[in-house]
Amino acid sequence: MWRRPFPWFIIAAALLYALYPYFTDDVGLRESLLLAAVYIVMASNLNLVIGYAGYVNFGNIVFFGLGGYICLYLVTALHWNVIPAAFVGGVAVSALALLFGLGILRLRGAFFALATIGVNQAIQQLVVNFEPWGGATGIYLSLDSYGSLGGPMQALWTTYLLIVVVTAASLLASYAVRNSKFGLGLLAIGENEDAASVLGVPTPLYKAMVYSASAFLPAIAGGLYFFKSGIIEPSSAFNLQTSIEAIVMVMLGGSGTILGPALGAFLYEELRGFLLTAQSFSQFQLVIAGALLLLIVQFVPGGLLGWVHQHWPKTRRWLE
Amino acid sequence: MIGILASIIDGILIGAVYGLAAMGLTLIWGVMNVINLAHGAIVVIGMFVLYTVANMLGLHPYGAVPLMIVFGFVVGIALYWVGVHRMIGRPELMSLLSTFALNMVLIGLGTAWWTTSPYNVQVSVPSVSWQGYTFTGTHITAAVLAVVIAGLLYLLLYHTRIGKAVRAVATNREAAELCAIPTTQVLAMAFGLGVALAGVSGTLIATMFPFTVLSGEAYQLKSFVVTVLGGLGNPAGALMGGIALGLVEGLATPFMPVSWIPIVEFGLFVFCLIAFPRGIFSFTKA
Amino acid sequence: MKKTFYLAAAAMLLIACPAFAQETITIGFTSSQTGALNNDSTAQMRGIELWRDDVNAKGGLKLGGKSYTVKLVSYDDESQNTRVQQLYTRLITQDKAQFLISPYSSGLVATAAIISEQYGKVMITTGGALEKTYQLGNKNLFQLYTGSSQYLAGALVALKEKNPKPRVAFVYEDDPFSKSVVAAVRDTAKKDGDVIAVDESYAGSTTDFSPVINKAISAKADALLGGGHYADGATLARQLHEQKAGVKWVTLLVAPDSPKFAELGDSAVGISVPSQWEPQAAFKPDFGPTVPAFTKAFTDKYKIAPAYHAAGGYAAGLILQHAMEKADSIDQAKVAAQLNAMDVTTFFGRTKFSTDPKSHGLQVGHDMVLAQWQKKDGKLVKEVIWPKAAKTAEALY
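Figured I'd write up the structure that's included with this text. Each chain has its residues counted from 1, running along the sequence as written. Each chain gets a letter, beginning with A, and each ligand a number, beginning with 1, in the order they are written. The predicted origin of the model limits local features to residues at a pLDDT of at least 70 and limits the giving and counting of side-chain atom pairs to 80 or more, whereas totals for whole chains, interfaces and linings rest on all residues.

**Structural notes on the overall build of chain A**
Next up, step 1: Helix and strand assignments follow DSSP, with helices taken as H or I runs no shorter than four residues and strands as E runs no shorter than two, numbered in order from the N terminus. Scanning chain A from terminus to terminus reveals 14 helices and two strands.
Next up, step 2: Note that the radius of gyration is over C-alpha atoms, with the globule rule given as 2.2 Å times the number of residues to the power 0.38. Taking 20 Å as the expected radius of gyration for a compact globule of 320 residues, we find that chain A reaches 19 Å, a close match to that expectation.
Next up, step 3: In chain A, which comprises 320 residues, the share counted as buried stands at 55%.
Next up, step 4: Of the contacts made within chain A by residues no fewer than 6 positions apart, 75% connect residues no fewer than 24 positions apart. Whether a residue is buried, exposed or partly exposed follows from its count of other C-beta atoms within 10 Å of its own C-beta, namely 20 or more, 12 or fewer, or something in between, respectively; the C-beta atoms are built from the backbone. Think of it this way: build a C-beta for each residue from its backbone, and any pair within 7 Å is a contact.

Right, dumping it as C-alpha cells:
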C-alpha cells in the first residue's frame, strides 16, 4: 500500500492541515478545522459500513458518545492522562460494538437501520440514569485536567494535532481496507449478500468485523473532542441528528469512495459553520442541507465524487 | 391499586393517539416499502395547524381535526411527488435519505418561521374525576377521536374502491398495474393518506400538551416502536400496538422513575426487531 | 497663502481629532433567543442592553483618561450547549471581546465557563446559580446569583410555618441546577424527619406530567417543591391545576417569577417561587440606579415589569462597570483584582465574591426571597412572603 502515491498524498494533506493553523497561530481557524476533522473521522468510518458493506448505521453517533464518556470518566474519576484514556475508550467501544453487532447484524436493510437507532436511544437513556457518569448532567472537566498536557492553551493545540492524526488514520484505514481481501468481501456483501455468502465470503464474520472496526477511531475522536470541550452530556453525546448528518456527509461526497466522505464532511461542516453565525441564515442551515441532500439522492446518488467520476472517467484512477 | 389503574387508563388513552400516529407510518411502509423519516415533521405540522386555527384564526380547536385531514392529504401528495416518487423500487437507503431530507427541509422551514420556542394551545374540555384521580377532557377526547379516525380508515380500506386499489397495489404492484389500476396515482394517494393520519395525530397531541418545532422527533421514535410491535403495513396492528405501548408506559410508571421508561421502550423495540420481525400482532393482519 | 494656512489648520485639526475619538470596549455573551430558555434569557439580555444604553447615554465609560463606548456582541445560542461552546470561542477569538457575560441558565453557564477559563477571560455570570461551576478551579469567574443550595431553603421554612409536618413531593427537572437545588433541600428535609412522598426528576423536554402527578396524588402529597425552568415549570403548574392534584403548597423554580406566568390565570394562584430580586425590594444602593428607578426605566422601555432575570442582567453590567472604574483601566488582571476585593450594595442587593481558590467567584453576599402569586382585587400579583423582613403579604396555603 505504501508503494502507491495515494497514502502519501493523505499524509501530506494531514501535515498541512495540522501545521498551517499552528504556524499562523490562528485559533479561530483551528477551531473550525478541528470540528471538520472530527466529522471527517465520523464520515469515513461510517463509510466502511454504509459504502462498502451497504448497511445503514443510523446510530453511528453512539460510538462517538460512548468513547467520549469512557475517556472523560477515566480522566476525571481515575485521573488518567487523556491519551491512554481515549485509546482505552476506543478499544472498549469496539468490543461493545462487536457484542451489539452480533445481535443486530442479522437484520437486513431498514430493520437494521431502525435497530441502530434503537440501540443509540437505549444507551442514551441508560447513561441519563447512570449516576457515576453524571446522569443527565454529564461530566464536567476541572481545569487541572489540562495540567498534564501543559495547561489549557497548550492542551487545545495538542488535542487538535491528535485529532488530525486520528483523521489521517481513518483515511489510511479506509484505503487499506478497500485494497484488501476483507474489503473485497465487504463490497461483495454490499452488492448482494446472499450471493456473496454462497460464493464463500464469511458474511457474519466480516459484517461483525467492519461494524466493530468502524467504532474504533470515532470512539477515540469522541474522547479527544469531549476532552477539548471540557464537558460531555447525554443530549449532545448521543444526538441522533448529528448521526444522520454523518450519513448526509457520506452521501454528499460519494459513498464507497475514500476521499468522498472526507470531502463531504469538510464541505458540510464549512457550510454549517458559515450558516451558524450569519444571523439571517442560521435558521436556514437545515433547509439548505436538506434540499442539498434531496437533490443528491434523487439526481446524483454517487455524490460529488460519483459525479466527477462520471464526467471525467480518467479521475477514477487517482481520485478515489 | 387504584393509582395503578388510573395510570393504566391514562396510558391507554395516550396509547390510542400513539397508534393513530403510527398508522400513517405503517400504511406508507406497507404499501410502498418506504420508511417515512419525515413522519416527525408532519406530526409537528399537525401541531402548528392547531395553533394557527385555534390561536391565530380563533376558531374552535377541534375544528382543526377535519381541516388537518384534508390539508395533510394534499401536503402528502405534494411531498410524494417532490421526494418519494423517484425512490420507489430503489434500494431502501435512498428512500430513507430522501424522506430524511424532506424532514430537514420541513423542520428547517418550521424553525425559521416559529423558532424552537415552546407553544401552547389552551383547550378546555370538562374532565372526568374518579377516586381522586382526574382524566383530563382533552386526553379522553383525543383518544375517542383517534379510534373514530381509525375506524374511518378501516371503512375506507375495506369498503371503498379506492381502498381496494390501495390494498391491491400493496399486495402486488405489477398485478395491480395489469388490472388497469393507475398505480402511481394510487401510491400518491396512499402517501397522502399516511401523511394525513400522522398530521391529525399531531393536532390531537397539541390539544393535550405544549409543543415545539422539535417535538415531532420523540413521536416519530414512538411510532417506530409501535409499528414494529404491530407489524409492518398493518394499520389495525398499529392501533393495537399503540395502545399496547401506552399500556406498558402506564403499567411501568408507578413502579419505576419516569426516566427509566424510555429504556424499557427501546429495549422492547430492539428485542421485537430481532425476535418478532413481523410484529407481535401479525395474526390480526386482515 | 491663505489657502495653505487653512489647509494646515484643517490638517492639524484632523491630527488632533483622534484624541477626542471614542474607543470601544467589547463585551460578549450569548442569549437564548430561541429554544426552551428563550423567555427568561431574553429578559436577561434586555437587562444588559438597558445597562449599556444607560452607560452610553452618559457618554460611555471614563477610564484611564480615555472614553469608552460600550459595545455588546451577542449571538443566539438556541438554548443549546454545543452552540454556546462554538459561539463563545468565536466571541473570544474573532470578535475579540474583552469581557464576557454568561448565557442564561446554569447548564449553559457551565459550558461557557470552560471556554472563558481556557482562554483566561473574565466572565461575570448571571442567570446561573449552580455552585459546582465555581468548584472546578477557576480564576476568572464571578457569580452574581445566590447559589442553588439556598433556593428552596426559604420555601421549606415558610411551608413549615403553615404545616409543621408536611408530606413533601420533589418533582424537578433533570438538569444540573434543579438537581443541586433539590439535593440541598432534600438533605434539610431528611434531617428534620419530614416525609418525602415523591422524589422524581423529569427530562426538561417533558410535556406530559400526568404520570408523576398521579404519583403525587397516590402519595397524598401536601407540598410540591421543584420545577426547573420556564417551559416545564409553566406546563407542570397548568397540569397540576387541570388534574386537580390537591397539593396545598407548590414552589417551583424560575418559571413563576416571569411576568408571563400570569397568563396561566387560575393555575398560577398560590404558586410560589424563590427569587433573586423583586421590584418591592428596599435596598439602598452604593451606586447605580435605585430599585424604583430601575423598575421604571425597564417598564418604560420594554412595556413589561422586570423580574429577577432582567435585574440580574443589568446588575452584571453594573458590577463590571464598577470594577473597571475602580481599576481605572480595561486590563483583565486589574479588573479581576477589583472584583475579588468588591463588597458593595446595588439595587440588586449585596454583592461579594468568594476568593477561596476552591470556590472562586461564588456569590457570598446576596440573599433570596420567596414570592407568591396571589389574587388582589381580582388581579394576579406577585407578593413577597418570606423572609419576614421583606414580607409584603401573608402566604396562601
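Now that the structure has been shown, we can carry on.
**Points about the sheet that holds strand 8 (residues 195-202) of chain C**
Residues and elements named next belong to chain C.
Next up, step 1: The mixed open sheet is built from seven strands, whose spatial order is 8-7-9-10-11-14-15. Each edge of the open sheet is held by one strand with a lone partner, namely strand 8 and strand 15 (379-386). Across the sheet, the mean angle separating the axes of adjacent strands is 25° when strand polarity is ignored. Strands pair, by our definition, only if DSSP identifies at least two bridges between them. Angles shown run from 0 to 180 degrees and are taken between the N-to-C directions of axes, each axis being a line fitted to C-alpha atoms and, for helices, limited to the stretch in contact.

**Quick notes on the interface of chain A and chain B**
Size of an interface, as often reported, equals the accessible area lost when the parts are brought together.
Next up, step 1: Taken together, the contact pairs 33 residues of chain A with 32 residues of chain B.
Next up, step 2: Elements supplying a minimum of two residues to the side of chain A that touches chain B: helix 4 (82-104), helix 5 (109-128), helix 11 (240-253) and helix 13 (285-299) of chain A.
Next up, step 3: Nonpolar residues are Ala, Val, Leu, Ile, Met, Phe, Trp, Tyr, Cys and Pro. Charged residues are Asp, Glu, Lys and Arg, and all others, Gly as well, are polar. A breakdown of the residues in the side of chain A that touches chain B according to their chemical character gives 24 nonpolar, nine polar and no charged.

**Some remarks on the pairing of strand 13 (residues 349-352) of chain C**
All names here are of chain C.
Next up, step 1: Sheet topology note: the strand 12 (residues 343-346)/strand 13 ladder contains four bridges and is antiparallel. Residue pairing for strand 13: Thr346 is matched across the bridge by Gly349.
Next up, step 2: Hairpin connection, strand 12 to strand 13: the antiparallel pair is bridged by two residues.

**Regarding the nonpolar core**
Next up, step 1: The biggest cluster of nonpolar side chains holds 336 residues, and the ones touching the most others in it are Ile163(A), Val17(B), Ala190(B) and Ala216(C).
Next up, step 2: Counting residues domain by domain, this core receives three or more from each of domain 1 (18-146 + 281-359) and domain 2 (150-275 + 369-390) of chain C. Remark: nonpolar core denotes a set of buried Ala, Val, Leu, Ile, Met, Phe, Trp, Tyr and Cys residues whose joining runs through C-beta atoms within 7 Å. Where each domain starts and ends follows an automatic or database-derived domain assignment.

**Quick notes on the interface of chain C and chain B**
Next up, step 1: Across the boundary between the two partners, chain C contributes 24 residues, which contact 22 residues of chain B.
Next up, step 2: Counting only elements with at least two residues in the side of chain C that touches chain B, the list comes to strand 8, helix 7 (210-218) and helix 8 (230-242) of chain C.
Next up, step 3: The element contributing the most residues to the side of chain C that touches chain B is helix 7 of chain C, with seven residues.
Next up, step 4: By residue class, the composition of the side of chain C that touches chain B is seven nonpolar, 10 polar and seven charged.

**Brief notes about the sheet that holds strand 4 (residues 99-101) of chain C**
Residues and elements named next belong to chain C.
Next up, step 1: One open sheet holds the six strands; their spatial order is 2-3-1-4-5-6, and the pairing between them is mixed. Looking at which strands have only one partner, the edges of the open sheet turn out to be strand 2 (61-63) and strand 6 (141-143). Each neighbouring strand pair of the sheet contributes to a mean axis angle of 30°, computed without reference to strand direction.
Next up, step 2: In the sheet, strand 2 pairs with strand 3 (residues 66-76) via three bridges, with the strands oriented antiparallel. Across the sheet, Lys62 pairs through a bridge with Ser67, a residue of strand 3.
Next up, step 3: Strands in contact with helix 3 (residues 81-93) are strand 1 (23-31), strand 3 and strand 4; relative to strand 1, the strand with the most contacts, it is inclined by about 175°.
Next up, step 4: In this fold helix 4 (residues 106-118) packs onto strand 4, strand 5 (123-125) and strand 6, with an angle of close to 165° to the strand it touches most, strand 5.

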